[in-house]
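Understanding the architecture of this molecule
Residues per chain, in single letters:
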Amino acid sequence: MKLFVDMHGREYEVDLIERAGQRELRVDGKVVDLDFREADTLGQFIVMMDGQSYGLSIEGDTHETHVTLAGHSYAVHMEDDRERAANLAAKEAAGGGGPVEAVMPGIVVEVLVEEGQAVEEGTPLLILEAMKMQNEIKAPGPGSVAEVRVSAGQTVAGGAVLMVLKGED
Amino acid sequence: MKLFVDMHGREYEVDLIERAGQRELRVDGKVVDLDFREADTLGQFIVMMDGQSYGLSIEGDTHETHVTLAGHSYAVHMEDDRERAANLAAKEAAGGGGPVEAVMPGIVVEVLVEEGQAVEEGTPLLILEAMKMQNEIKAPGPGSVAEVRVSAGQTVAGGAVLMVLKGED
Amino acid sequence: MFKRILIANRGEIALRVIRTAREMGVECVAVYSDVDDCALHTRMAHVAVPLHGVTPAESYLDMDKILKAAAETGAEAIHPGYGFLSENAEFARRVKAAGLAWIGPPAEAITVMGDKIESRRAMAKANVPCVPGLTDPVDDVAAAVKDAEGIGYPIAIKAAAGGGGKGIRIVRDPSEMESAFRQASGEAVSAFGDGRLYLERYIDNPRHVEIQVMCDSHGNRVHLFERECSIQRRHQKLVEEAPCCVLTDQMRQDMGEVALRAAEHVNYEGAGTVEFLWEKGEFFFLEMNTRLQVEHPVTEMITGVDLVREQLLVAAGEKLSITQDELKIHGHAIEVRINAEDATQGYLPSVGILHNLRAPGGPWVRLDTAMYRHMEVGLTYDPMLGKLIVWGPDRISAIERMKRAIAEMNVGGVRTSMPAALTVLEHPRFVSGDIDTHFLESLTIEPPKEHDILVAAACAIYRHNKAKRSAMDPEASSREEWKERGRRERSGYARRLMERGGQV
Amino acid sequence: MFKRILIANRGEIALRVIRTAREMGVECVAVYSDVDDCALHTRMAHVAVPLHGVTPAESYLDMDKILKAAAETGAEAIHPGYGFLSENAEFARRVKAAGLAWIGPPAEAITVMGDKIESRRAMAKANVPCVPGLTDPVDDVAAAVKDAEGIGYPIAIKAAAGGGGKGIRIVRDPSEMESAFRQASGEAVSAFGDGRLYLERYIDNPRHVEIQVMCDSHGNRVHLFERECSIQRRHQKLVEEAPCCVLTDQMRQDMGEVALRAAEHVNYEGAGTVEFLWEKGEFFFLEMNTRLQVEHPVTEMITGVDLVREQLLVAAGEKLSITQDELKIHGHAIEVRINAEDATQGYLPSVGILHNLRAPGGPWVRLDTAMYRHMEVGLTYDPMLGKLIVWGPDRISAIERMKRAIAEMNVGGVRTSMPAALTVLEHPRFVSGDIDTHFLESLTIEPPKEHDILVAAACAIYRHNKAKRSAMDPEASSREEWKERGRRERSGYARRLMERGGQV
């Protein structure tokens, strides 16, 4: 199994081969010798590597996992060959634009742009209030507003599509 | 459902009737109004009764449960009508004697009686070592030794039958 | 002493009060909203009264419901915790009018100190040094631009009714005034229902240093030294410590005396905190918080004084159990707030079910939290899930101990602010004590690269094992997923969002 | 200071050492037996080396394996914890011979103090008051009966190689001597491989009061006051506190000086405890424990001194960080041991899987434990799972705090000693300080009747709900039971018993 593992923009390629009960693991081509044990069934693990011992917490599914190691938190995204190809294709299709999603649940305080309006990178698109703090959602790049899907006062969930941008060609 | 509930020799009779989603509960004939909620799926409960709130831990099966409430520990044994009848019959059949069981796992250090020997209440039967401490197992009542099932040096599990006594008639 | 008190709050502070009350033989009445029916404060109180409703307004902010619960359960006093009704003078008045004791300062002190402008006026009278600025609200942008020239840039626009950093905007140039004024006003209206703003000189690199005071009704007043709270973001504190490493004994005594003067001027009773901006040995009155503060444990750890116990004594009309002479600073304490937010993603709020909790332990580690397994973290209430507090004989050993304690801890199911706290504690500037209120905002929170190979490899095995399990027992694994989805769908947060017309 | 040390132990004490070492920037090498491959000390160390094997003899007592692990990992010193090899002079010698530092006293001090008879001789020389008795082992029952007449009844029969109360028998009448002698001798052989016994006058209602000492290699010696450990059963302590409420300052100073004299006489280095029997103001040397003790946290809590840190400093040849003048008693601390035993059933050992852990928290509560969810508690090792420690400004507030902390705690899956501790803390005799070493054995541990109706009703609903669930989803519930059984069968304890030819 070949996996593309991304954590905070740092990308690694992991090869995991299991043969006759023996596991071989390579990260970026280099063999990694790792002892991996489940300490309970709720997310606590113990890993031994290069003669060192580590207690880890791992949560999540087969694509998005979160690892806590010595107080630091790693958001890890994993794709195999097939998933990567599919995701790339989807990204390409969206061009420079694509949906603007609510990064957190909240309430739309004000929509600052109209459909058809041209935007620059950083143009404020709307104000979202969450945890009593107001946050400006800005355009990720230059383009225009293809569609506005929310209006002031509306409650939105994390991940909800707020508007759709059209990228510059 | 009628239940005989025993805790540390204190016995209570509980009637629990569920009718049309309504639960009626009586303990020793008196109605008890109780709000019972599961706080997690691992044994933590919250109970409201007589205007008071209680956090409980409950573990075990439908016959033997352990309750921890405000630091105290309750060993609770439950039987319904049918189970009670069966248990009483079994007890009766054993007479004053019956099996002597290891109350804990350990190693038999020495067997102090022989088959056929008469014993009084309190006669030392054997010495069992557990947690590095030696404990004398004594006869629960007068009678004689019908069968010795273990010998010195043997490891026994909790609940294992060590010997069988014959009660006085 | 009271036989029974009601705690008009939830979460870790409700538990904090219950713990001390239990130790004093005082019974506690908890009140709880629909989402909190299995919360720890509900479970650990002697009596728990449902308030029904979900939002704060329907529950913990509903004075009628709370006073009714107190009457029905025979509570003799009300402890408001922090937040919610703790700084609401009307509530303090209504509690007393109902014949109950209010575990807090007199309503008049709350009123004066709760208004930024009023409090500045009062403090000027009491000869307490204040930040240069106006004592009247400004009417509009034009007036603000004009007044700002007199005060001098940079300027801070603040909500007259504000607190906790809400509604504050900094303006460094007249051209920025219009946009900042509009945002500040909007936030002030939304947060406090009061859009009045005032202007103040903005101190550029201040430390936030505050003094804990305790006063009884017999005229006894003590200060319990300072807390250093400069590690904050958007005026929300993250790491607090006591004592402050740049204060001399003389400065500490001066600030303590000024704080007691401030308290005396408003006839203060109970626990309160006088906050100062500190820069290069000068300090200016910022505001007074007329309640117990989130970060009170660091003061408890260095003085050995249980502040909640003193609050109860004072409210019951008894004398403080401590005098100024008896109070000494013993070692150093640090607190880290555990907020449900993803510090690596710009501190985005994080919601979820806490299914994988691991608490730190060992010497001189204190955990104040109401977290429990299977607890649901939503957006209805404050994102602060708890606080980790350590003590050490000196600052460096306390820092090392906190790093150790954070490394032992895991809050599985949500992301937390702990990686940010750890980044602070590991930073040479923090270790040397060279910090100000901008320090935290200057940091990028990112896990170190050092263990990337390990993490990548472990995740790959984790995925591999999960996939293998599904292949071996597809039914069980789809049942797992179904359960997971069911849990998400049933979860109160999702349900409530749906009810309010949102999408999930 | 060392870069890396090896900890030749497991459980909470291994974790205790790891925590301080981490805070000092010292790396730790853990060693672990087959059953401990997911234990917390294995997870929290920097390096973990498998010893293989299951029994203590195969793992934590195997000197060769441990020294090999130290050599292979480049550890510079070995910390033995308590129990296992901690009081083994041969091991101390072999550690030093291997060029490593021994985090403990010199082998000679261990040898002298480890032998009951030798140590009495040495202490008599050092002018340390001892209990009336013989300094030579008795050969047989007849000799014992004869010698006992000279000493006077009641008589204590003790193992010369003993410790922790093992092999001790009390004889009140010559007629009891034969049976007691046989039992004591058997236990001594089985526990220590050395059946030698000696006789001592038995003090009828003593308190057990011990003094903590710390000595460095530069001739600096301090005592850190006393611990009161009278709450014990079969010489196993259950509740410990500091200070002891019947000691005057003068008596405290006297005992401290005697303890330092004892330490000086054997050229002591590191942490040690001099145990005394105390009755009506008189005190007699009992034994010296040449290691860190289980109950060391209460001393840490009242002095603010990290004893493990001092141990590491001393072993590295540095000076103690504290002087006698700087040491002050600050408040009161209590410790309760969490043993896996059913206190309501005559303290029978209890085994199981810890599936339902709930830890207490809040101000001045410390939990030292290596328990974790899904940990298996068997009979292979010591039944002590951890310790709960609280601090308060005075004894009464510490007692109230401990009762509160115990009420918050749950160790689900095994029975524990906590109900016994709670019964002690609630007892008027304990609260008034009127205790001796027989007090605990005089108590019957039984839950109070007060909440019987509630418990009976809750259990009935619990059973009802469980039955309903099985009826609704018989497959899932039989799967549950199957899993439960599988867990039991797979569990290491069962497996090991089977391998040793036992039944499960």
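Residues numbered from 1 in each chain as written. Chains lettered and ligands numbered in written order. Predicted model: local features only at pLDDT ≥ 70, side-chain atom pairs only at ≥ 80, totals over all residues. Heavy atoms only, no water.

1. Concerning the confidence of the model for chain C
All names here are of chain C. What counts here: One number per residue, pLDDT, summarises how confident the predictor is, and it ranges from 0 to 100. The contact definition used throughout considers only heavy atoms, calling two residues in contact when any of these lie within 4.5 Å.
When pLDDT is averaged along chain C, the result is 91; 93% of the residues meet or exceed 70. In this model, residues 485-504 is a region of pLDDT below 50 whose contacts with residues beyond four sequence positions or in other chains number 28 contacts. Scored by ipTM, the complex comes to 0.84, with pTM at 0.87.

2. Looking at the interface of chain A and chain D
Formally: Buried area is calculated as the accessible area (1.4 Å probe) missing from two parts once they are joined, with the contributions of both summed. Any carboxyl oxygen of Asp or Glu within 4 Å of a side-chain nitrogen of Lys or Arg constitutes a salt bridge here. Here a polar contact is taken to be a pair of N or O atoms separated by no more than 3.5 Å, where protein atoms must pair a possible hydrogen donor with a possible acceptor and residues adjacent in sequence count only if both atoms sit in side chains. Every helix listed is a DSSP run of H or I at least four residues long, and every strand listed is a run of E at least two residues long, numbered separately from the N terminus.
On the side of chain D, 13 residues touch chain A, which itself brings 15 residues to the contact. Summing the contributions of chain A and of chain D, the shared interface buries around 1100 Å²; its carbon and sulfur component is 48%. The tally of links between chain A and chain D comes to one salt bridge. Taking the shortest distance from any N to any O, the salt bridge between Arg373(D) and Asp40(A) comes out at 2.6 Å. Linking chain A with chain D are six residue pairs in polar contact (both at pLDDT 80 or more), by the criterion used here. For the side of chain A that touches chain D, the elements supplying multiple residues, two or more each, are β5 (34-38), β6 (44-49) and β7 (52-60) of chain A.

3. Examining the state of the cysteines
For the record, the criterion: A pair of cysteine sulfur atoms is labelled a disulfide when the two atoms are within 2.5 Å. To sort residues, take the accessible area from a 1.4 Å probe on protein chains only and compare it with the maximum for the residue type: under 20% means buried, over 50% means exposed, and anything in between is partly exposed.
Using the criterion set out here, one finds zero disulfides over all chains in the structure. Unpaired in terms of disulfides, Cys38(D) finds its nearest cysteine sulfur in Cys459(C), a separation of 18 Å. Among the residues examined, Cys38(D) registers a relative accessible area of 10% and is labelled buried. Free cysteine Cys229(D): the closest other cysteine sulfur is in Cys244(D), separated by 9.4 Å.

4. Remarks on the pairing of strand β2 (residues 27-32) of chain D
Residue and element names in this part refer to chain D. Definition in use: Pairing between two strands is assigned when DSSP locates at least 2 bridges connecting them. If the strands point away from the viewer and the path from the first strand over the helix to the second runs clockwise, then the crossover is right-handed.
In terms of burial, β2 is a largely internal element, five of the six residues being buried. As defined by bridge partners, strand β1 (residues 4-7) adjoins β2 across four bridges and the pair is classed as parallel. Looking at the pairing, Ile5 lines up with Cys28 of β2. In the classification by handedness, the crossover that spans β1, the intervening helix α1 (residues 11-23) and the parallel β2 is right-handed. Bridge count between β2 and strand β3 (residues 47-50): four bridges; the pairing is parallel. Considered in β3, the bridge of Ala30 is made with Ala48.

5. What about helix α13 (residues 418-426) of chain D?
Buried residues dominate α13(D), accounting for eight of its nine residues. Turning to α13(D), its buried residues number three or more, namely Met418(D), Pro419(D), Ala420(D), Ala421(D), Leu422(D), Thr423(D), Val424(D) and Leu425(D).

6. Details of unusual backbone geometry
Here the bond from Ala242(C) into Pro243(C) is cis, since omega is -5°, no more than 30 degrees from zero. Along the chain, the position of Pro243(C) falls in the loop between β11 (236-242) and α9 (249-265). Going from Tyr153(D) to Pro154(D), the amide bond is cis rather than trans, its omega being -5°. Within the element layout of this structure, Pro154(D) appears in the loop between α7 (141-151) and β6 (155-159). Positioned with a positive phi, Tyr347(C) is a non-glycine residue whose angle comes to about 60°. Within the element layout of this structure, Tyr347(C) appears in the loop between β15 (341-342) and β16 (348-349). For His374(D), which is not a glycine, the phi torsion comes out positive at approximately 75°. One can find His374(D) in the loop between β19 (365-369) and β20 (375-377).

7. Describing the side chain of Asp40(B)
On the secondary structure map, Asp40(B) appears in the loop between β5 (34-38) and β6 (44-49). Side-chain polar atoms of Asp40(B) contact the backbone nitrogen of Gly43(B), separated by 3.2 Å. One polar contact links Asp40(B) to Arg373(C), side chain to side chain, over a distance of 2.7 Å. Setting aside residues no more than four positions away along its own chain, Asp40(B) makes contact with Arg373(C) and His374(C).

8. A word on the interface of chain B and chain D
Contacts between the two partners involve 62 residues from chain B, matched on the other side by 55 residues from chain D. Regarding the contact of chain B and chain D, the summed buried area is about 5500 Å², with carbon and sulfur atoms giving 63% of it. Summed over the shared surface of chain B and chain D, the result is seven salt bridges. Here Glu18(B) ties to Lys468(D) by a salt bridge, and the two come within 3.3 Å at their closest N and O atoms. Scanning the region where chain B abuts chain D turns up 21 residue pairs in polar contact (both at pLDDT 80 or more). When residues in the side of chain B that touches chain D are grouped by element, the largest group, seven residues, is from strand β9 (residues 72-80) of chain B.

9. Focus on the sheet that holds strand β2 (residues 27-32) of chain C
All names here are of chain C. Definition in use: Each axis is a line fitted through C-alpha atoms, taken for helices only over the stretch in contact, and angles between the N-to-C directions span 0 to 180 degrees.
Sheet architecture is open: five strands sit in the order β3-β2-β1-β4-β5, paired in parallel fashion. With one partner strand each, in any of the chains shown, β3 (47-50) and β5 (101-102) form the two edges of the open sheet. Note that strand β1 (residues 4-7) and strand β4 (residues 77-79) share three bridges and pair parallel. From the neighbouring strand, Ile5 faces β4, where its bridge partner is Ala77. Across the sheet, helix α1 (residues 11-23) touches β1, β2 and β4, and the angle it forms with β1 is around 170°.

10. Quick word on the sheet that holds strand β15 (residues 143-148) of chain A
All names here are of chain A. With antiparallel pairing, the four strands of this open sheet are ordered in space as β10-β17-β15-β12. One side of each edge strand has no neighbouring strand; the edge strands of this open sheet are β10 (98-101) and β12 (118-119). Bridge count between β15 and strand β17 (residues 161-167): five bridges; the pairing is antiparallel. In the strand pairing of β17, Val145 is matched with Leu165.

11. Some words on the packing of aromatic side chains
The cut-off we apply is this: Stacked, tilted and edge-to-face are the three classes applied to pairs of Phe, Tyr and Trp rings, where Trp contributes its six-membered ring and a pair requires centres within 6.5 Å; stacked means planes under 30 degrees apart, edge-to-face means over 60, and tilted covers the rest.
For the structure on display, the rule yields 16 aromatic pairs over all chains. Ring centres of Tyr60(C) and Tyr381(C) lie 5.7 Å apart, and the angle between their planes is 75°; this geometry places the pair in the edge-to-face category. Taken as a pair, Tyr60(C) in the loop between β3 and α3 (63-73) and Tyr381(C) in the loop between β20 (375-377) and β21 (384-392) lie far apart in primary sequence, 321 residues in all. Here Tyr60(C) matches Tyr381(C) in class, with each residue buried. Relative to Tyr381(D), the ring of Phe84(D) has its centre 6.4 Å away and its plane inclined at 80°; by these criteria the two rings are edge-to-face. With Phe84(D) in the loop between β4 (77-79) and α4 (89-97) and Tyr381(D) in the loop between β20 and β21 (384-392), the pair connects residues that are 297 residues apart, well separated along the chain. Judged by its relative accessible area of 27%, Phe84(D) is partly exposed.

12. Quick look at the domain arrangement of chain C
Interface size is commonly expressed as the accessible surface area that is lost when the partners come together. All names here are of chain C. Our working rule: Each domain's extent is set by a domain assignment, obtained either automatically or from a database. Under the grouping applied here, Gly and all other residues not named as nonpolar or charged are polar, the nonpolar ones being Ala, Val, Leu, Ile, Met, Phe, Trp, Tyr, Cys and Pro and the charged ones Asp, Glu, Lys and Arg.
Looking at the assigned domains, one finds that chain C contains domain 1 (4-103 + 486-499), domain 2 (117-130 + 204-330), domain 3 (132-201) and domain 4 (338-447). One C-alpha centre belongs to domain 1, the other to domain 2, and the line joining them spans 26 Å. The interface is formed by 17 residues belonging to domain 1 together with 17 residues belonging to domain 2. For the pair domain 1 and domain 2, the summed buried area comes to about 1300 Å², and 63% of that belongs to carbon and sulfur atoms. Ranking the residues of domain 1 by area buried against domain 2 places Arg16, Met24 and Glu87 at the top, with a combined share of 38%. Counting every contact that joins domain 1 to domain 2 gives three salt bridges. Arg291 is the salt-bridge partner of Glu87, the closest N and O atoms lying 2.9 Å from each other. Summed over the shared surface of domain 1 and domain 2, the result is seven residue pairs in polar contact (both at pLDDT 80 or more). If you list the elements that add at least two residues to the side of domain 1 that touches domain 2, you get α1 and β5. Among the elements that make up the side of domain 1 that touches domain 2, the one with the highest residue count is α1 (five residues). Looking at side-chain class alone, the side of domain 1 that touches domain 2 contains nine nonpolar, five polar and three charged residues.

13. A few points about the packing of helix α5 (residues 107-114) of chain D against helix α6 (residues 116-125) of chain D
All names here are of chain D. How we decide: Convention used here: angles under 35 degrees read as roughly parallel, angles over 145 as roughly antiparallel, angles from 65 to 115 as roughly perpendicular, and any remaining angle as oblique.
The geometry of α5 relative to α6 is characterised by a closest axis approach of 5 Å and an angle of 100° between their N-to-C directions. In terms of their interaxial angle, α5 and α6 are classed as roughly perpendicular. Side by side, α5 and α6 meet where Val112, Met113 and Gly114 of the first sit next to Lys116, Glu118, Ser119, Ala122 and Met123 of the second. Classifying every residue of the contact of α5 with α6 by side-chain character gives four nonpolar, two polar and two charged.

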